[in-house]
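Chain and residue survey
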Amino acid sequence: MLDGENVYTLLKTATTFLKSKGLSESKSDAEVLLSFVLQTKRSKLPLLRSQKPTDKQMLQYENYVLKRSNREPLAYITGFANFMGFEFKVDKDVLIPRPETEILVEVALKIAKEKNKKSVLDLCTGSGCIAISLAKLGVFEDIVASDISVNALAIAKENVLINNASNIKFIESDIFEKIPDCKFDMIVSNPPYVTEYEYADLETELKFEPKKALTAQDDGLFFYKEIATNITKYLTVNGYIILELNSNKAEDIRQIFSDNKYANIEIINDYCGLPRVLKAVKS
Ligand SMILES: C[S@@+](CC[C@H](N)C(=O)[O-])C[C@H]1O[C@@H](n2cnc3c(N)ncnc32)[C@H](O)[C@@H]1O
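Residues numbered from 1 in each chain as written. Predicted model: local features only at pLDDT ≥ 70, side-chain atom pairs only at ≥ 80, totals over all residues. Heavy atoms only, no water.

Here the idea is plain: a probe the size of a water molecule rolls over the atoms and shows the empty space left. Roughly 240 Å³ of internal volume is contained in the second largest pocket. For the second largest pocket, the full set of lining residues is Val7, Tyr8, Leu11, Lys12, Thr15, Lys27, Glu31, Arg42, Ser43, Leu45, Pro46 and Arg49. Among the elements that make up the lining of the second largest pocket, the one with the highest residue count is helix H1 (residues 7-20) (five residues). Classifying every residue of the lining of the second largest pocket gives five nonpolar, two polar and five charged. (1 Å grid on protein atoms, 1.4 Å probe; cavity = no way out; pocket = protein on both sides within 12 Å on 5 of 7 lines; lining within 4 Å. Points joined across faces, edges and corners; volume = space filled by probe spheres on them. Helix = DSSP H or I, 4+ residues; strand = E, 2+ residues; numbered from the N terminus. Nonpolar A, V, L, I, M, F, W, Y, C, P; charged D, E, K, R; others polar.)

Structure representation (structure tokens):
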């Protein structure tokens, strides 16, 4: 499939091939995959331009380029995604951590520091990227992370080891079902929030991710309603709720929290100017 005998010619043919399949980031995709196969930094590829990969590396590269041409996300091909500067193992059982979710982590870290919040519950933890980033970057004494998916929790636990994080207790739970009766200073969550209607229109790359991690019933609002109505039991007085938002539903979600008597509801925009994170206080 790929004509080329050294790094330079391989990259050239892979880029042309991916471009012919309609991939907009064909050059960068070709480079990421080749640096992964050669176990080198992408920035080092120009120095290796005359190097001839082994037959095994050639086969591996062809296989990865083919997968990418079928729109499989890079993170699932390489098995890793970067989030908050840390490496997270990912596979098809977990959502690939998104850059916009880093805003939620930054908001949570700022509140924890300013208001001296020491315990946090991360609902719908998936790969564990939020809980682990909080453990690494904050000074929490107690972190609990939950998910309905046993497979996702297994990946999250591996990510704890990969990142040498500590202090995190994982619970398999359908939302609040098995969360013990205790109160947290903060509850954070990036819940599933895509509507069935939106899901039908998503690009092919997203269809590789677990549907259960993306979609929510009740027009995408199911988890926000569950959280707003049940969370009182789990939050300390003046405890914070910090949630990632479906930017198309930000006002509906604000209304849900306002109807449930939360105070100081604030919506924070992402780098594209879209409403992305809701923070509110239980008064
Ligand atoms: C949008 S992903 C977020 C993953 C991760 N926190 C992140 O930000 O990348 C939502 C997660 O919710 C989990 N989930 C779906 N339904 C759930 C439920 N009823 N109770 C608990 N977790 C659920 C999925 O398994 C998935 O890991």
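This part takes up the side chain of Glu72. Within the secondary structure, Glu72 sits in the loop between helix H3 (55-69) and helix H4 (74-78). The exposure class assigned to Glu72 is buried, which follows from its relative accessible area of 8%. If near-sequence neighbours (up to four positions away) are discounted, Glu72 is found in contact with Lys67, Ile77, Lys92 and Phe208. (Buried < 20%, exposed > 50% of the residue type's maximum accessible area, 1.4 Å probe, protein only. Contact = heavy atoms within 4.5 Å.)

Attention now goes to the site of the ligand. Taken together, 20 residues are adjacent to the ligand, and Cys124, Asp147, Asp174, Ile175 and Asn190 come closest. Backbone polar atom of Thr125 to a nitrogen atom of the ligand: 3.2 Å apart, as the coordinates give it. One of the side-chain nitrogen or oxygen atoms of Asp147 is found 2.7 Å away from an oxygen atom of the ligand. Surface burial for the ligand is 95%, taken as the share of its 600 Å² of free accessible area covered by protein chains. Every element with two or more residues in the shell around the ligand is listed here: helix H6 (129-137) and helix H9 (211-214). In terms of residue class, the shell around the ligand is built from eleven nonpolar, six polar and three charged. (Near = heavy atom within 4 Å. Polar contact = N/O pair within 3.5 Å; in protein donor to acceptor, adjacent residues only side chain to side chain. Areas by Shrake-Rupley, 256 points an atom, 1.4 Å probe, with all protein chains shown as cover.)

If you trace the seven strands from one edge of the open sheet to the other, you get S5-S4-S3-S6-S7-S9-S8, paired in mixed fashion. Since the sheet does not close on itself, it has two edges, and those belong to strand S5 (168-172) and strand S8 (263-269), each with one partner. Shown here is a sheet whose adjacent strand axes are inclined to one another by a mean of 15°, direction ignored. For S8 and strand S9 (residues 275-281), the ladder comprises five bridges, and the chain directions are antiparallel. Its bridge partner being in S9, Ala263 is matched across the sheet by Val281. Together, strand S3 (119-123), strand S6 (184-189) and strand S7 (235-244) form the strand contacts of helix H10 (residues 222-230), whose direction differs from that of S7 by roughly 175°. This element, helix H11 (residues 250-259), spans S7, S8 and S9 of the sheet and lies at about 165° to S8. (Pairing = 2+ DSSP bridges. Axes fitted to C-alpha atoms, helices over the stretch in contact; angles between N-to-C directions.)

What follows is about the pattern of salt bridges. Counted according to the given criterion, the structure contains 15 salt bridges. Between Lys89 and Glu158 there is a salt bridge whose closest N-O contact spans 3.0 Å. One end of the pair, Lys89, is in strand S2 (residues 86-89); the other, Glu158, is in helix H7 (residues 150-162), with 69 residues separating them in the sequence. The class of Lys89 is partly exposed, set by a relative accessible area of 25%. Classification of Glu158 as partly exposed rests on a relative accessible area of 33%. A salt bridge links Glu114 to Lys110, with the nearest nitrogen and oxygen atoms 3.4 Å apart. (Salt bridge = Lys/Arg side-chain N within 4 Å of Asp/Glu carboxyl O.)

With that out of the way, let us pick up the domain arrangement of the chain. Taken domain by domain, the chain consists of domain 1 (7-70) and domain 2 (92-281). Just the C-alpha atoms count here: the centres of domain 1 and domain 2 sit 35 Å apart. (Domains from an automatic or database assignment.)

Centre distance and the angle of the planes are the two values used to describe a pair of aromatic rings. The final tally for this structure, using the stated rule, is five aromatic pairs. Aromatic side chains Phe36 and Tyr64 sit 5.8 Å apart centroid to centroid with 40° between the ring planes, which places their arrangement in the tilted category. Residue Phe36 is found in helix H2 (residues 26-38), and its partner Tyr64 is found in helix H3; the two are separated by 28 residues along the sequence. The partly exposed category is assigned to Phe36, whose relative accessible area is 26%. By relative accessible area, Tyr64 is classed as buried at 12%. For the ring pair Phe222 and Phe223, a centre distance of 5.1 Å and an interplane angle of 90° mean the geometry is edge-to-face. Judged by relative accessible area, Phe222 falls into the partly exposed class, the value being 24%. (Phe/Tyr/Trp six-rings, centres within 6.5 Å; stacked < 30°, edge-to-face > 60°.)

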